[in-house]
Structures are given as C-alpha cells and as structure tokens.
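Structural characterization, general
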Amino acid sequence: MSPSGTKVQKKMLLKSMLVALGASVLLTACGGSKGASKEGDGPTPIQMQTLNYATEFIDNTNPIWKEFEKRTSTKLDITWLSPSTSEEKINVMLASGDLPEVTFVESLINPQLQKMIKQGVFWDLTPYIKDYPNLSASNLAEMWTASKVDGKNYVIPRYYPSYGGGAFPILRKDWMDKLGLQTPTNMDQLFEVLKAFKEKDPNGNGQADEVPYAANPDTMGFVYGVFNGTQGQWKLKDDKLVPVITEDASRDAVLWLKKTFDAGLFPKDFAIMKYSQTVDLIRGGNAGGTSQSMNHAWVTGSKIREVVPTADYMPITYLENAGGEKYTPSGTPYYGVYLIPKKVPEAKVKKILGFFDYAYGKEGNELATYGIEGVHYTVQNGRKIPTPQSEKDHLGDGNMNNLIHLISDDMSIGAVGMPDDVYNRNVEIVNERKKIKTPNPGSELYSEAYNKYYPEISKKVSDMRTKVIIGKDTIENYDKFIEQLRNDPTLKQVADEMTEAYHKKMSSQ
C-alpha cells in the first residue's frame, strides 16, 4: 500500500528517460562493486522508474534525492509512474522494447514480461546477488525465493511485508464503542455492525446520513476470500487447482454482498464508484469503514480527524467463515519488481546492484522513508518523530519511499506522524494476523492459457456478480452462468495449466 494495501490502484510509465551521460564508479558503504567506467570517475548515471503514490512527485532538486546520489556516487534519472496510468504505460513500454536501465513492472506474471524473460531480454542476476551483503541478507531470502522464474533471479523484488497490506475492513472504532459493539470476527457480525452504523446514529447528529461502508465491487474482493478460505483466484482440491469463481462458496459471498447492498449498507453508487470516491467518503467523516491496508489507520485516519477529532479508524484482525477458517490478507514479500535489460553492460549491472545494496541496507533504507536525523526527524522513545522539514521535503508515504520500501512491518502498518497508540495497536494486530496462514496456491504462477482466456472470463463473472448484487439480474441466472463455466473447455484448459505450473513450482522449491 502500499500497498494500501492493497492494490486497488495501479498504472505506470510516463515516457522514456534521458540517455546516460557517461559511466563511473559506484562505491557503496555496504559492499557494492568498484571499477571505473570508460569515460571517467564521476557519478554513475542510472535510468530508472517506479510507481509513486505521492500526491506531489519530487525531482533531482529534492534533498533526499541528492543525498542518495551523494552517498552512492550516482546520478539518478527517475521517472515516477502514476498509479492511475501505470498499467497501460508499462505494457506499452514492454511492447516497444524501449526499456530504462532499471525497468519496473508491477506484476511478475505480466504476460509480455514473461515472454521477454524467456527470450533473454533481461540479465540473470542469480550469480551476482551473493556479492552484495544487504541484498543477500537472510531476512530477504523468502523475497528472492518467491520471485524466481524457472529457478533463477531475473528481478530485484521491491520489498513489501507479507502481512499488513491488502484491502481488508478498517472500521470506526469510536462508532463501535459508542454503540456498544464488539469488533466483528465473522461475516454475520460484520453485517450487524454495519447495520447498526446505519440505524443507530453513531455520529450523533440526529440524521440518517451515515454511509456504513464506503465500497465498490473491487474493494470487496476479500469477501470471496473469506467464504472460500483462500486468497487469490484458486483453491487447492485433491491436489488440483480449481477456480474460485465456480465454487459454491462464491455464490454465498454474492448473496452476502447482495443482502448488504439491499440493506443500504453500501453507497447507492456502489457499482460505479471509483476507489478515490470511497476514500473521499471516509475522509468526509460520515462513513463507518472501508477496505484498506493497515497503515491507513493513520494515512486516512488522520484526514478523518481533521473533520472529526475523536475519530478512531481501526483495522480488524481477521474474519472467519462458516467452516471456522480464519481469513486475513497476506501475500508475497514484495510488490513490483525491477529488471535490468541486457543492453546494460555487465560492469554497470554491478553498479546498479551496488546502488540497490545500499538502498536495502539500514542506512539507505531509512533515508528513503525518514530522511536525515536532526533535519527530518528526531528519535523519541525509540520512534522517529518527523520535523516540519520532513513534510516540506515530501518524506513519508511516497517518492523515494516508493522507490525503495522500508524493510520492516512499518511499511504496511506504520506511517510518518502516526501516534504511538495507533502504531502500538497496529503492531498487536499484525502480530495476530501473522498467526493465520490463509493459503494462496495460485500465487506467482504463470500460464499462457490463463493470460489468454482468464481475464475475459473473470470480467464476465465480475459483471454478473455486480448485476446480481444491485438487483439488475437474478441469482438463478447467475447459477446457470456458473454451471456453463464449469463445463467450459477453455476454463478447464486454464485450470489444467495452472495445476501444472503449481506442481512445477512446488517441485523446484
């Protein structure tokens, strides 16, 4: 969020970057490579790009940008990609082959990317990683393993904590406390809490103006996960992957969402609402909750307090289905990947890896998020407290922090300026979430048939679900549609290939 979790926003690239000016030595404080370039000993120019969720993008005049260049002997040429356009721009970039020296792609399972990796477009970094002590540190081992393609490391994963991200309910605890409600732990309880938000005037103004849950279809994906007891699009049954979309539990999820919509607990414009509009509803102070990553307990919660000073926006820990399975969002320990095209000389590949080695070390890692001690933050009771200069230099949730994520749970559960009480509660919640292992057997699997056919199948299912939820179609027609899918040879081909990819991945680990 993050991922806020989450992943409701995605899109990238702006335009190709400037041509490198010369080359040089990259000397990191943490074990990078040495060696002069052909053109001299000045800073090494590096072209790169990445997503940036900040509201205002920094440039090379920013003090933190300059500090990174100074400490790594580099000249950075960074193109920031807006989440609203990144997906389209990434795909255009990959199709054109006009790649920056450090190419960012949001999903490793991008079909065009997979083809390019197999065609040898990018460096195999496997032999080099061991030479960089921060990149090869034991706490990142799972990240490197999970991001392998055919057993090799072609990418530098952009670290993201496995727990704390993902779109999952965050509710107004102050409203629950006022109404004497306990934090919900299953779907029936969640419904009752939202119903109370609608009927019992938790904002105390005597008007029925509360929006119990600011949502659109995309933000409610967790409901299908809860009912199915799995994450993603696949369940493992009898050692085979089966699509969640055809499961009876997904029908139950549709009926829960329809009941909730019919009760007036979602916005009237649920079907067409944009994610940004759901956030605006929450920030306005009259919504009881929405689906966001845990750090939004403050990123969004602080905005609510500007309207309602006593507002307390709290993530819930898990939701349990009828079978007693606890669901909490978790994922692979990275979000997005960096690749180095083969057009980059080997000597420069080592310098780029040296830059990332510094950035993944404690000093560089904290510089990206918090800035410089005494200038951008002070340390009080072990926590970094931002100074006014921190906001001026655009530190926190975006910019250099999006280039290199903080290697800590704080990346998904903390935020610059978060009060101790909110932070400590998030720590308790994420520690409880870590005890829950919700399976995701389809994670990071690649299938030609999946990429060719599944997006269209999934869209048709999503459209049908939404029509049923808002009353534009019937559950009986939904049942007929799902039965047709169960007998669809195309979906069977997708499932067979995904099962094969799953077993191949398991055997290589």
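Every value quoted in this text rests on a predicted model; they were computed, and no experiment measured them.

Another point: the domain arrangement of the protein. How big an interface is tends to be stated in terms of accessible area lost as the parts join. Looking at the assigned domains, one finds that the protein contains domain 1 (44–163 + 333–413) and domain 2 (168–329 + 422–508). Inter-centroid distance (C-alpha atoms) of domain 1 to domain 2 is 29 Å. At the interface, 17 residues of domain 1 touch 19 residues of domain 2. Both sides of the domain 1 and domain 2 interface together cover about 1,600 Å² of buried area, and 56% of this is carbon and sulfur. On the domain 1 side of the interface with domain 2, the three residues burying the most area are Ile109, Tyr163 and Ile413, jointly 46% of the side's total. At the junction of domain 1 with domain 2, the criterion picks out 2 salt bridges. A salt bridge links Lys504 to Asp150; its shortest N-O distance comes to 3.5 Å. In this structure, the connection of domain 1 to domain 2 is made through 6 residue pairs in polar contact (both at pLDDT 80 or more). Secondary-structure elements contributing two or more residues to the side of domain 1 that touches domain 2 are α3 (111–118) and α17 (410–413).

Right, let's talk about the sheet that holds strand β3 (residues 103–105) for a bit. Sheet strands pair via backbone hydrogen bonds, and the direction of the pair is either parallel or antiparallel. Read across the open sheet, the 3 strands follow the order β3-β12-β4; overall the sheet is antiparallel. Edge positions in the open sheet fall to β3 and β4 (156–159), since each of these has one partner strand only. Neighbour-to-neighbour, the strand axes of this sheet turn through a mean angle of 30°, independent of strand direction. In the sheet, β3 pairs with strand β12 (residues 334–339) via 3 bridges, with the strands oriented antiparallel. Among the inter-strand pairings, Val105 is bridged to a residue of β12, identified as Val337.

On to the pairing of β4. Along β4, one buried face is formed by Ile156 and Arg158 and the opposite face, lined by Pro157 and Tyr159, is buried too. Pairing between β4 and β12: 3 bridges, direction antiparallel. Counted as the bridge partner of Ile156 is Tyr338 from β12.

All told, the structure shown has 17 aromatic pairs when counted by the stated rule. Measuring from centroid to centroid gives 6.3 Å for Trp65 and Trp80, while their planes differ by 85°, and the two rings are edge-to-face. One end of the pair, Trp65, is in helix α1 (residues 63–72); the other, Trp80, is in strand β2 (residues 74–81), and 15 residues separate them in sequence. Judged by its relative accessible area of 4%, Trp80 is buried. Judged by centre distance (6.2 Å) and plane angle (75°), the ring pair of Trp123 and Tyr128 falls under edge-to-face.

Rules used throughout
- Residues numbered from 1 in each chain as written.
- Predicted model: local features only at pLDDT ≥ 70, side-chain atom pairs only at ≥ 80, totals over all residues.
- Heavy atoms only, no water.
- Domains from an automatic or database assignment.
- Contact = heavy atoms within 4.5 Å.
- Buried area = accessible area lost by both parts, 1.4 Å probe.
- Salt bridge = Lys/Arg side-chain N within 4 Å of Asp/Glu carboxyl O.
- Polar contact = N/O pair within 3.5 Å; in protein donor to acceptor, adjacent residues only side chain to side chain.
- Helix = DSSP H or I, 4+ residues; strand = E, 2+ residues; numbered from the N terminus.
- Pairing = 2+ DSSP bridges.
- Axes fitted to C-alpha atoms, helices over the stretch in contact; angles between N-to-C directions.
- Buried < 20%, exposed > 50% of the residue type's maximum accessible area, 1.4 Å probe, protein only.
- Phe/Tyr/Trp six-rings, centres within 6.5 Å; stacked < 30°, edge-to-face > 60°.

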